[in-house]
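So the chains spell out like this:
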Amino acid sequence: VGCKDIFGDLYIYMMCSGLCHHSVHCFLEDIVPQSSCINYPSEKKVITVTSSGFLTVVLRKSDGTFHQNIFSCKNRNCIELHRVCDLVDDCGDASDEEWCGNNFKCNSGEYIPLSRKCNGDFDCLDLSDECNVHCSNQVKIFSHVTLCIAAWIAGTVSVILNGWIIIKHIISFSELKTSVAKTNSCLMTVISVGDFLQGSFLLLVALADEFINKSTCFTQFKWTTSKTCNFLGIISTIGSQISLFSMTLLSAKRAIGCRSMV
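What you see is a predicted model, and the numbers here were worked out from it, not measured in a lab.

Student: Please clarify how the overall build of the protein chain should be interpreted in this entry.
Tutor: When helices and strands are counted, the protein chain shows five helices and seven strands. The globule rule puts the C-alpha radius of gyration for 262 residues at 18 Å, and the 34 Å found for the protein chain is more than 25% above it. Principal axes of the C-alpha set define a box for the protein chain whose edges measure 110 × 45 × 30 Å. Across the 262 residues of the protein chain, 32% fall into the buried class. If you take every contact in the protein chain between residues at least 6 apart in sequence, the share linking residues at least 24 apart comes to 46%.

Student: Looking at this model, I keep getting lost on helix 1 (residues 8-16). Mind explaining?
Tutor: One turn of the α-helix equals 3.6 residues, which is why residues spaced by three or four share an orientation. By the burial criterion, the buried members of helix 1 are G8, Y11, I12, M14 and M15. Two residues or fewer after helix 1 comes G18, characterised by a positive phi angle close to 75°.

Student: How should I be thinking about the packing of helix 2 (residues 145-172) against helix 3 (residues 179-212) in this particular structure?
Tutor: The relative placement of two packed helices is expressed as an angle between their axes plus a distance between the axes. Packing of helix 2 against helix 3 brings their axes to within 7 Å, and their N-to-C directions diverge by 150°. Considering the angle they form, helix 2 stands roughly antiparallel to helix 3. Taken as a pair, helix 2 and helix 3 cross one another with a handedness that is left-handed. Residue composition of the contact of helix 2 with helix 3, grouped by class: 14 nonpolar, 11 polar and one charged.

Student: What is the right way to read the sheet that holds strand 2 (residues 55-60) from this model?
Tutor: Across a sheet, paired strands are connected by hydrogen bonds in the backbone, their directions being either parallel or antiparallel. Pairing is antiparallel in the open sheet, where three strands are placed in the order 1-2-3. Across the chains shown, the open sheet's two edge strands, defined by having one partner strand only, are strand 1 (45-49) and strand 3 (66-67). Relative to strand 2, strand 1 runs antiparallel, the two sharing five bridges. Across the sheet, residue T48 finds its bridge partner in strand 2, namely T56.

Student: Explain the environment of S172 to me, please; I cannot follow it from the model alone.
Tutor: Of note, S172 is situated in helix 2. Spatially, the C-alpha atom of S172 lies 101 Å from that of T65, the residues being 107 residues apart in sequence.

Student: Before we go on, may I ask you to explain a nonpolar patch on the surface in this structure?
Tutor: On the surface, a nonpolar cluster with roughly 1100 Å² of combined accessible area is contributed by V145, I149, W152, I153, V157, I160, L161, L204, L207, F211, I212 and F231. With seven residues, helix 2 is the single largest residue contributor to the nonpolar patch. Secondary-structure assignment places L161 in helix 2. The class for L161 is partly exposed, based on a relative accessible area of 47%.

Student: Would you explain the pattern of salt bridges in this entry?
Tutor: Opposite charge on two side chains makes pairing possible when the charged atoms of those side chains draw close. All chains considered together, the criterion is met by two salt bridges. K74 serves as the salt-bridge partner of E98, at 2.8 Å between the closest nitrogen and oxygen. In this pair, E98 sits in the loop between strand 5 (78-80) and strand 6 (103-105) while K74 sits in the loop between strand 4 (70-72) and strand 5, placing the two residues 24 residues apart along the sequence. For K74, a relative accessible area of 59% translates into the label exposed. Salt-bridge contacts for D90 lead to R83; the nearest nitrogen and oxygen are separated by 3.4 Å. For R83, a relative accessible area of 32% translates into the label partly exposed.

Student: Got a minute to help me understand the state of the cysteines in this structure?
Tutor: Linking two cysteines covalently via their sulfur atoms produces the bond known as a disulfide. In this structure the tally under the stated criterion is seven disulfides. Here C3 pairs with C20 through a disulfide, and the sulfurs are 2.0 Å apart. Residues C3 and C20 are joined by a disulfide whose S-S torsion is about -95°; by sign, that bridge is left-handed. Here C3, found in the segment before helix 1, pairs with C20, found in the loop between helix 1 and strand 1; they are 17 residues apart in sequence, far enough to count as distant.

Student: Even after reading the chapter, I still don't get the nonpolar core, so can you show me in this structure?
Tutor: Soluble globular proteins tend to pack their nonpolar side chains together in the buried interior. Ranked by internal contacts, the top residues of the largest apolar core, which has 16 residues, are Y11, I12, F27, F71, V84 and C85. Considering each element in turn, this core owes the most residues, four residues, to helix 1. For C85, the residues in contact, after removing those within four places along its chain, are F7, G8, Y11, I12, F27, D96, E97, C100 and N102. Core analysis: the next-biggest nonpolar cluster, separate from the first, contains eight residues, C148, A151, W223 and L232 among them.

Student: Would you mind showing me how to read the environment of T178 here?
Tutor: Counting through the fold element by element, T178 comes out in the loop between helix 2 and helix 3. Polar side-chain contacts of T178 include one of 3.2 Å to the backbone nitrogen of A181.

Student: Can you walk me through the side chain of T56 in this structure?
Tutor: Mapping T56 onto the fold places it in strand 2. The exposure class assigned to T56 is buried, which follows from its relative accessible area of 3%. If we ignore the near neighbours within four places in the chain, the residues touching T56 are I31, V32, Q34, V46, I47, T48, T50 and Q68.

What counts and how
- Residues numbered from 1 in each chain as written.
- Predicted model: local features only at pLDDT ≥ 70, side-chain atom pairs only at ≥ 80, totals over all residues.
- Heavy atoms only, no water.
- Helix = DSSP H or I, 4+ residues; strand = E, 2+ residues; numbered from the N terminus.
- Rg over C-alpha atoms; globule rule 2.2 N^0.38 Å.
- Buried < 20%, exposed > 50% of the residue type's maximum accessible area, 1.4 Å probe, protein only.
- Contact = heavy atoms within 4.5 Å.
- Axes fitted to C-alpha atoms, helices over the stretch in contact; angles between N-to-C directions.
- Parallel < 35°, antiparallel > 145°, perpendicular 65-115°, else oblique.
- Left-handed = near helix turned anticlockwise from the far one by under 90°.
- Nonpolar A, V, L, I, M, F, W, Y, C, P; charged D, E, K, R; others polar.
- Pairing = 2+ DSSP bridges.
- Patch = residues over 30% accessible without salt bridge, like charges linked within 9 Å, V, L, I, M, F, W, Y side chains within 5 Å.
- Areas by Shrake-Rupley, 256 points an atom, 1.4 Å probe, with all protein chains shown as cover.
- Salt bridge = Lys/Arg side-chain N within 4 Å of Asp/Glu carboxyl O.
- Disulfide = S-S within 2.5 Å.
- Core = buried A, V, L, I, M, F, W, Y, C linked by side-chain atoms within 4.5 Å.
- Polar contact = N/O pair within 3.5 Å; in protein donor to acceptor, adjacent residues only side chain to side chain.

Spelled out as structure tokens, the structure:
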């Protein structure tokens, strides 16, 4: 049974019964040492002798009965079993979480469920649940190599074709006779400029992902706020806005022209 998302006394029961498929051994002591439970007042604990002749301690309940459903911490404190392996340092020395197979201890000290380790989300304050030798911590712009190849191809085609269109319209502009043709040529040129910038953005992103972006999850924020990354974002924004604005103007102009012909 997978016990990564089971906690407390249920986890203890399943682990010590051998029902969890991980290899953690049952770390509960058969006999709680009589020197344990220093965090309980003397009137709530009783020193007794086990059937094997060892001294042990039991705790008194409010109804006058006794129980030993307790875990003996390394610092000689005692806690109830439901507080063991519950992602919280209840002992004060973390011994109640130390040998559990259902948690991951962050380098910053807190515990998270083991199922949240290397899941792509940062749960530890210091990011150590994702930034460790067991996780792939390289932060790439493109999640798959096919996307990077597609960006190279689309960017190259866009830059070449739109660059050729821009040059063509600039050269032929002086030969245009009517204001309508000149206006259309200007709008088409501006649209091509926007698409040229978008193609340049794809090429630059592909280049950055291959040669510049060496971002790990520790430096991800530094990369995303770097001047290089911001510059790429500016190019993409300007290019898309120019194309959208110019196409809107061109469409509106043509719609007005068609209406006047009716």
